[in-house]
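Observations on the three-dimensional arrangement
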Amino acid sequence: MRRLIVSFALGLAFVVPSALTHFSDAPLQEARCPSGDGLDWVLPGACEHADEAPPGVDVTEPVPTAELKERDGGGAEAYAAAQELGVPAPAQAAATSPAVTCEGDGSAGYRTQAMYVVEAGRTNRFSALQASFQLWAAGVDDVVNRSAALTGGVRHVRYVTEASGGSCVAKVLNVTVPAGSLASFNSSIAAIQALGYTEPSRKYLMWTDATVLCGIASMYPNDSDSQGNPNNGSYAQYARVDSGCWGFGDGATQHSVEAHELLHTYGGVMSTAPHGTRAGHCWDESDTMCYADGGGFAMQQVCPAEREYLFDCNNDDYYSTYPDPGSWLDGHWNAADSRFLIGGGNGSGGGTPGAPTVLGATIAVNNPAVPGLATQASVTPALPTGRTVASVQWKSPKADCSFSTPTEVQTEVTCSATSSTATTVTATVTDSTGATKAVTSPLTFATGTTRAVSIALGAAGQSPADGGTAGVCTGAAFPLNATVLDTASGRPVKGLATALTKQTTTMTAPASAGSPVTGATGVATQPQTATVSTTYRGRTAAGNVYAAAGPATLVAAPATCTTSLTAELAADRVWYGDTVAVTGDLSATSGAATVVPSGVSLAVRLTTDAGKGLSLGTVKTAADGSYSFAAKPTANGTISVALTAGTSYTGGAATAGTITVDVPDTLITGAVDKTSVAYGQTVTVTGTLRRDAGGTTSPLASKSVSVYVTPAGGTAVKVGAASTKADGTFSIAVALKVSGTLSVSYAGASGQPAAKVDVGAVTAVSWSTAVTASASSSTVAAGGSVTLSGSVSRTWSGATSPAPAIKVKVTFRATGSSTTTVVSSVTTTTSGTFTAKVYPKASGTWTLTVSDVAGYVSANSSPLTITVS
């Protein structure tokens, strides 16, 4: 249901008491009064903002009682709008019923008191319109409840009620005030207060039988998120609607004015809200509370038109039973929390908590972090019903910050030990519908207190006690590791620079062995080699966070390492061109020490069944001595891994296993778009080339495919070729000049057999030919010249076109002779025309002839007679 929206220009009075500290610990916002009259004499510190009536409504014109009784209020459209937005109406819903929710004794607690107000001396229409007032009051409740349903909750207006036919209706008071009391909002409030209607536990919803304004209400501009908010029962509040604007919201593109004004008294819309104006409304249409009120913002169409009959477009400014966690509304005053609503306040009294309707999330980070040490971070998704978390991604703009589990809801973040300036961390949650929510938290650092750290050295996978010896392989690279731990927590320190030195017995002073920086595991690694016994030392310098540590000492004792090699094949059968994993481990010992041989080069070989040795490549061992190599064997045989003996290691070899290499099949398809064309016209040949490895097919890309035509009883003629695309498809345009059987073939390659497919018979039909000619003169003097000009056209399948590049013979027959002589020839232009200059020596006829041209039927022009005088 889509409707034209008419934004109401409704009055709003901001009410700011001079002292609010007794009910709220939040700072009072500065009153903003764009224009209007002060209300200080009625409500301390208040200001008023009166606006225009809706288009087509003249509030100064009295409205007949009969016309008012035809108005149904906002209930029906509230239900219809919610249903259009995906919230089905309950089966028992009766949007045109005056019934409202019964609660308690109908009087106790925080309630809205409905009243009809008329000046003395004027016609009192209470009896005639009482049922309409109660219907309109129920319509306001429908707007409140259906708006709550959009976020999965239940809210109802807690009216002062009276029993009616087994249910409850709003109790509407019949109030008469002195003449002239309704001339302004100020005077109407004063008159009502004089009659004793001043209870802070009441919102007074007044149908004022006057022709002064459309609607106006009091609101305190305080966005504190607590039940002590001044809009929540600290003072009596008033909403006034004059007769010209009673009972709207019936589908005539008009929302409920009563609902709009009552929502003001509940505390909406704050100017600090994301889409709030400075005059108490919002600018993100469509929305019951949004219109161009002169509050400094241009209107924007953000939500569907149906939202005009409901509160809060996108539920993010002033009314939601489940505000997005961490959003502005989650931390500021929310009218859905009003204790004047059943289900508001502390959530009791018949209401139900809401549920998320869009993906939300909250983030928590354990601040402040110690630079270099991990700190916890977590994100808590808020998922709409039926959705699940699809992914989580943690990031930080600080490049040296890393996450232990960057795709989990809980993680640890570690930044460099040198960090001091605060940064942020962001978690992006994606749900099962593809919706995303990114939430960001500051990450601060605690500095200034020096922390003790320890440093220990290790080499080649060994971690001896301080000053101990580690065996290494002579001349072979080995990792020298410096591990730095925070003494108090025992946790690794990231981003701390270490200073390493080395010294042999022949060196008079230590030399630098590098300055590696610790990673997230607290380990700094620097490659080393040693051919003689070498003493290594490591230390860290004092900084803003960590005290100096070290030196730690380690002696590297080199020797030729004894090795042991293992090898294994992942499979004993493979398709030609596919890989098979060769894995294993290289272990080494230096004396009694076990050395982890990292970065050692191993040769992988294939010995064929015929005894031929083939190199498959080389692989280097990983940091733990393991290796993994993707081999592509091309023949049956045995795969082995070998280490060449040298100063560093003893040699060795290991057999991984035997391998059988199967040759896959080649699948080729072809099709031609036309089977019969005129000679030289284009046909398009398409198809696919695929590899079939035991039923598993894959495209053969960048392979040459050729097109042949074989005439009946003749030899195949190659007529075209092209390379396959990445998906194995091909398309070849062929200028067909041969008739016969068309085929597509692939010549094959090592490990991929040739293949051919016959597509079918194709015919290159000869063109029907027509020649026209004319002479520049029919007589010529002996020795003179005549220009012959004309054109050649060709026809096939009813279509005629110029015949370009066709050889045309110029022939002559003398008068009285039976012999025809070819004098010369010319070639047609791209437009099929030709020109020939001849020098007649005798009288006779000239003919232009097309003959013996492949693909063209022979044809002659009409004879041209030229007389020589």
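Everything here concerns the structure above.
These notes cover the structure that comes with them. Remember, predicted model here, so these are calculated numbers, not experimental data. (Residues numbered from 1 in each chain as written. Predicted model: local features only at pLDDT ≥ 70, side-chain atom pairs only at ≥ 80, totals over all residues. Heavy atoms only, no water.)

Some details on the overall build of the protein
This is how the line gets drawn: Secondary structure is summarised from DSSP: a helix means a run of H or I of at least four residues, a strand means a run of E of at least two, and numbering begins at the N terminus for each. Only C-alpha atoms enter the radius of gyration; for comparison, a globular chain is expected to reach 2.2 Å times N to the power 0.38, where N is the number of residues. Note on definitions: a residue-residue contact is assigned when non-hydrogen atoms from the two residues lie within 4.5 Å. The convention is simple: Lys and Arg are positive, Asp and Glu are negative, and His and the chain ends are not counted. One atom stands in for each charge, and that atom is NZ of Lys, CZ of Arg, CG of Asp or CD of Glu.
Within the protein, the regular secondary structure consists of five helices and 58 strands. Taking 869 residues into account, the globule formula puts the C-alpha radius of gyration at 29 Å, and the protein, at 47 Å, lies well above it. Overall size of the protein, expressed as C-alpha extent along the three principal axes, is 130 × 115 × 55 Å. Long-range contacts, defined here as pairs at least 24 residues apart, represent 66% of the contacts in the protein between residues at least 6 apart. Side chains of the protein carry 47 positive and 59 negative charges; the gap between the two charge centres is 20 Å.

Regarding the packing of helix α3 (residues 126-149) against helix α5 (residues 257-266)
For any two helices packed against each other, one specifies the inter-axial angle together with the distance between the axes. What counts is decided by this rule: Only C-alpha atoms enter the line fits that serve as axes; for helices the fit covers just the stretch in contact. Angles between N-to-C directions range over 0 to 180 degrees. Handedness of a helix crossing follows the sense of rotation of the near helix relative to the far helix, less than a right angle counterclockwise being left-handed and clockwise being right-handed.
Look at α3 against α5: their axes get within 9 Å of each other, and the N-to-C directions meet at 65 degrees. Both α3 and α5 take part in a crossing whose hand is right-handed. Where α3 approaches α5, its residues W136, V140 and V143 are matched on the opposing element by E258, A259 and L262.

Examining the side chain of S396
What counts, and what does not: To sort residues, take the accessible area from a 1.4 Å probe on protein chains only and compare it with the maximum for the residue type: under 20% means buried, over 50% means exposed, and anything in between is partly exposed. Here a polar contact is recorded for every N or O atom pair within 3.5 Å, except that within protein the pair must consist of a potential hydrogen donor and a potential acceptor, and residues adjacent in sequence are included only if both atoms are side-chain atoms.
Tracing the sequence through the fold places S396 in the loop between β17 (389-395) and β18 (402-403). For S396, a relative accessible area of 19% puts it in the buried group. A distance of 3.2 Å separates a polar side-chain atom of S396 from the backbone nitrogen of K398. Engagement of the side chain of S396 in a polar contact is seen with the backbone oxygen of T424, the distance being 2.9 Å. Apart from the residues lying within four places of it in its own chain, the contact partners of S396 are C401, F403, T423, T424 and V425.

With respect to the pairing of strand β11 (residues 237-242)
Short version of the rule: DSSP bridges decide pairing: two strands pair if at least two such bridges lie between them.
A large share of β11 lies buried, amounting to six of its six residues. Residues of β11 alternate between two faces, with Q237, A239 and V241 on one and Y238, R240 and D242 on the opposite face, all of them buried. Judged from the six bridges that link them, strand β9 (residues 202-208) and β11 form a sheet pairing that is parallel. Considered in β11, the bridge of T208 is made with D242. Examined bridge by bridge, strand β10 (residues 215-219) and β11 share three bridges and lie antiparallel to one another. Following the sheet pairing, A217 is matched in β11 by A239.

Section: the state of the cysteines
To keep it simple, the criterion reads: Here, two cysteine sulfur atoms that lie within 2.5 Å of each other are counted as a disulfide.
Scanning all chains against the criterion turns up six disulfides. Bridging C102 to C168, the disulfide has an S-S length of 1.9 Å. Where C102 bonds to C168 through sulfur, the torsion about that S-S bond is close to 120 degrees, and the disulfide is right-handed. Within this pair, whereas C102 is found in the loop between β3 (99-100) and β4 (111-119), its partner C168 is found in strand β7 (residues 167-170), the two being separated by 66 residues in sequence. By relative accessible area, which is 42% here, C102 ends up partly exposed. Using a relative accessible area of 10% as the deciding quantity, one classes C168 as buried. In this model C214 forms its disulfide with C245; the gap between the sulfur atoms is 2.1 Å. What sets the handedness of the C214 and C245 disulfide is the S-S torsion sign, and at about -120 degrees it is left-handed. Of this pair, C214 sits in the loop between β9 and β10 while C245 sits in the loop between β11 and α5; the two residues are 31 residues apart in sequence, bridging distant segments of the chain.

As for the packing of aromatic side chains
The cut-off we apply is this: Two rings from Phe, Tyr or Trp (for Trp, the six-membered ring) form a pair when their centres are within 6.5 Å of each other. A pair whose planes differ by under 30 degrees is stacked, one over 60 is edge-to-face, and the rest are tilted. Comment: the charge-over-ring label is applied if NZ (Lys) or CZ (Arg) is within 6 Å of the ring centre and within 35 degrees of the ring normal.
The full count for this structure, using the stated rule, is 19 aromatic pairs. Taking 5.2 Å as the distance between ring centres and 25 degrees as the angle between the ring planes, the aromatic pair formed by F133 and W207 counts as stacked. Placement of F133 in helix α3 and of W207 in strand β9 is noted, with a sequence separation of 74 residues between them. For the pair F133 and W207, one class covers both residues: buried. With a centroid separation of 5.8 Å and an interplanar angle of 65 degrees, the aromatic rings of Y197 and Y204 are classed as edge-to-face. Accessibility expressed as a relative area gives 21% for Y197, which makes it partly exposed. We note K203 situated over the ring of F340; from NZ or CZ to the ring centre the distance is 4.4 Å.

Re the packing of helix α2 (residues 75-84) against α3
Threshold: When an angle is under 35 degrees it counts as roughly parallel; over 145 it counts as roughly antiparallel; between 65 and 115 it counts as roughly perpendicular; any other value is oblique.
At a minimum axis distance of 7 Å, the contact between α2 and α3 shows a crossing angle of 15 degrees. As the angle between them shows, α2 and α3 are arranged roughly parallel. Classified by chirality, the crossing of α3 by α2 is left-handed. On α3, the residues that touch G75, A78, Y79 and A82 of α2 are G139, D142, V143, N145 and R146.

Brief notes about the sheet that holds strand β27 (residues 523-528)
The three strands are arranged β22-β24-β27 in an open sheet whose pairing can be described as antiparallel. Edge strands, defined here as strands with exactly one partner in the open sheet, are β22 (453-459) and β27. Here the strands of the sheet are splayed against their neighbours by 20 degrees on average, with no regard to which way each runs. As paired elements, β22 and strand β24 (residues 478-486) share seven bridges and run antiparallel to each other.

Notes on the sheet that holds β7
Across the sheet, three strands lie side by side as β3-β7-β6; this open sheet has antiparallel pairing. Only two strands of the sheet have a single neighbouring strand rather than two, namely β3 and β6 (161-164). In this structure, β3 lies alongside β7, joined through two bridges in antiparallel fashion. Paired with V100 across the bridge in β7 is C168. Strand contacts of α3: β3, β6 and β7, with the helix running at about 100 degrees to β7, the strand carrying the most contacts.

As for α2
Among the residues making up α2, those that are buried are G75, E77, A78, Y79, A81 and A82. Taken together, the buried residues of α2 touch α3. At the exit of α2 stands G86, carrying a positive phi of roughly 100 degrees.

A word on the pattern of salt bridges
Applied cut-off: Only one rule defines a salt bridge in this text: a Lys or Arg side-chain nitrogen within 4 Å of an Asp or Glu carboxyl oxygen.
If you walk through the whole model with that rule in mind, you get 14 salt bridges. D486 serves as the salt-bridge partner of R451, at 2.9 Å between the closest nitrogen and oxygen. With R451 in the loop between β21 (436-443) and β22 and D486 in strand β24, this residue pair connects regions lying 35 residues apart in the sequence. Judged by its relative accessible area of 1%, D486 is buried. A salt bridge links K674 to D673; the nearest nitrogen and oxygen atoms lie 3.1 Å apart. Several salt bridges share partner residues, and in doing so they unite E103, R111 and R158 into one network.

Comments concerning the nonpolar core
Cut-off, in case you're wondering: Here, the term nonpolar core denotes a set of buried Ala, Val, Leu, Ile, Met, Phe, Trp, Tyr and Cys residues that are joined through side-chain atoms within 4.5 Å.
Of all hydrophobic cores here, the largest spans 60 residues; its most connected members are F133, W246, F311 and Y319. Sorting the residues of this core by element identifies α2, β4, α3, β9, β11 and α5 as the ones contributing at least two each. Per-element tally for this core: the top contributor is α3, with eleven residues. Residues in contact with F133, not counting those within four places in the same chain, are Y116, F126, V172, W207 and W246. Counting residues in each nonpolar core, the second largest holds 55 residues, with A470, L606, Y627 and A656 among its members.

Focus on the environment of S676
Within the fold, S676 resides in strand β41 (residues 676-678). For S676 and S739, which are 63 residues apart along the polypeptide, the C-alpha to C-alpha distance reads 8.8 Å. S676 has contacts with T763, V765 and W796, leaving out every residue within four places of it along the chain.

That is the geometry; function is a separate question.
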